[in-house]
Amino acid sequence: MFQMHFALQFVLLIAPLWFKTLTQAAPPSLSPQQLRESLLKNRDHPWIEDFHGSDMYLSDENKNAFKQRLVGVKLGEKLSSPRAVTGSFNEGIYMLEADYNAKDKKYEASKVVVKIVLGPVDGKILGEVKALKDVGYFIASGLLPPYGKPAILMK
């Protein structure tokens, strides 16, 4: 009796589901290029699989991102979340104490963070500036007085 009950359950419940999965058409496979285009859409740039700070992608403007002094930057509270203090290539991430006036725009202090760069400016740091510009988060970069430490202002 138990075997018949089990066989009936299999035929009525499990077999239709199993048959359905076997007969459904598999989605067409995408070529690597089609998969890349479907995932990246308008973010598909030639440098996406390469090092962003490579000379071949950096313009003269990118390479000079830290040549000027940052004026009017008043550091506020240092961010102390675990993510902020464990970031790469920084001595600290800070909020602004006062609004920042760029050449063409005023930025509210509460919407800007300042990253003080650790170590010498190299391709990694210049690549970060370029990437921030590409995604629209870059505000300014340069040497932060009084010690001349490289810093990046970002949204």
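Nothing here was measured: the structure is a model prediction, and the numbers come from that model.

Caption draft 1: Main features of the overall build of the protein chain. Counting its regular elements, the protein chain contains five helices and seven strands. Reading the protein chain from its N terminus to its C terminus gives the helix and strand order α-α-α-β-α-β-β-β-β-α-β-β. Considering only residue pairs separated by 6 or more positions, the protein chain has 54% of its internal contacts joining residues 24 or more positions apart. Split by element, the accessible area of the protein chain, about 11300 Å² in all, is 60% carbon and sulfur.

Caption draft 2: Structural context of the sheet that holds strand E2 (residues 90-96). Taken in spatial order, the five strands make up an open sheet running E1-E2-E5-E7-E6, and their pairing is antiparallel. With partners counted over all chains shown, the strands left at the sheet margins are strand E1 (75-78) and strand E6 (138-144), one partner each. Ignoring which end each strand starts from, the neighbouring axes of this sheet average 30° apart. As paired elements, strand E5 (residues 113-117) and strand E7 (residues 149-154) share four bridges and run antiparallel to each other. Residue pairing across strands places Ile116 opposite Ala151, the latter belonging to E7. Sheet strands in contact with helix H5 (residues 123-135) are E5, E6 and E7, and its direction is about 15° off that of E7.

Caption draft 3: Representation of the pairing of E2. Among the seven residues that make up E2, five are buried, leaving the element largely enclosed by the rest of the structure. Here E2 pairs with E5 via five bridges, running antiparallel. Opposite Tyr94, over in E5, you have Val114 as the bridge partner.

Caption draft 4: Local environment of the nonpolar core. Membership of the largest hydrophobic core comes to 15 residues, with the highest contact counts inside it found for Leu70, Val73, Leu96, Tyr100, Val114, Ile139 and Leu153. Among the elements of the structure, E2, E5, E6 and E7 are those that each provide at least two residues to this core. Considering every element that reaches this core, the biggest residue donor is E6, with three residues. Residue contacts for Leu70: discarding those within four places in its chain leaves Tyr100, Ala140, Ser141, Gly142, Leu143, Leu144, Pro145, Ala151 and Leu153.

Caption draft 5: Local environment of H5. The terminal C-alpha atoms of H5 lie 18 Å apart, and with 13 residues this matches the ideal 18 Å at 1.5 Å per residue to within 8%. Those residues of H5 that are buried are in contact with helix H3 (60-63), E5, E6 and E7. Backbone nitrogen of Lys124 and a side-chain oxygen of the N-cap are separated by 3.1 Å at the start of H5; the cap is Asp122. Of the residues trailing H5, Gly136 is marked for its positive phi of about 85°.

Caption draft 6: Spatial organisation of the pattern of salt bridges. Following the criterion strictly, the structure yields five salt bridges and no others. Between Lys106 and Asp99 there is a salt bridge, with its nearest N and O atoms 3.8 Å apart. The class of Lys106 is exposed, set by a relative accessible area of 54%. Relative accessible area serves as the criterion here: at 33%, Asp99 is assigned to the partly exposed category. In this structure, Lys115 engages Glu128 in a salt bridge whose closest nitrogen and oxygen atoms are separated by 2.9 Å. Placement of the pair is Lys115 in strand E5 and Glu128 in helix H5, with a sequence separation of 13 residues.

Caption draft 7: View of the pairing of E7. E7 sits mainly inside the fold: five of its six residues count as buried. In the sheet, E6 pairs with E7 via six bridges, with the strands oriented antiparallel. For Gly142, the partnering residue across the bridge sits in E7 and is Ala151. The antiparallel hairpin formed by E6 and E7 contains four residues in its connecting segment, where Gly148 sits at a positive phi of about 70°.

Scoring rules and cut-offs
Per chain, the residues get numbers from 1 upward, laid out in the order the sequence is written. Selection of residues for local features in this predicted model requires a pLDDT of at least 70, selection of side-chain atom pairs for listing and counting requires 80 or more, and totals for whole chains, interfaces and linings are taken over all residues. With hydrogens and water excluded, all non-hydrogen atoms of the structure serve as input to the side-chain values. A run of DSSP states H or I qualifies as a helix once it reaches four residues; a run of E qualifies as a strand once it reaches two. Both are numbered from the N-terminal end. Throughout, a residue-residue contact means that at least one pair of heavy atoms, one from each residue, lies within 4.5 Å. With residues, only the protein chains shown are counted as cover, and all accessible areas are computed by Shrake-Rupley using a 1.4 Å probe. Any two strands are treated as partners once DSSP identifies two or more bridges connecting them. Orientation is described by axes fitted as lines to C-alpha atoms, over the contacting stretch for helices, and by angles from 0 to 180 degrees between their N-to-C directions. When a residue's accessible area, from a 1.4 Å probe over protein chains only, is under 20% of the maximum for its type it is buried; when over 50% it is exposed; and in between it is partly exposed. Residues belong to one nonpolar core when they are buried, are Ala, Val, Leu, Ile, Met, Phe, Trp, Tyr or Cys, and are joined through side-chain atoms within 4.5 Å. To estimate the expected span of a helix, count its residues, drop one, and scale the result by 1.5 Å. Polar contact criterion, stated in full: a pair of N or O atoms within 3.5 Å, where within protein one must be able to donate a hydrogen and the other to accept it, and residues adjacent in sequence count only if both atoms are side-chain atoms. Salt bridge, as applied in this entry: a Lys or Arg side-chain nitrogen positioned within 4 Å of an Asp or Glu carboxyl oxygen.

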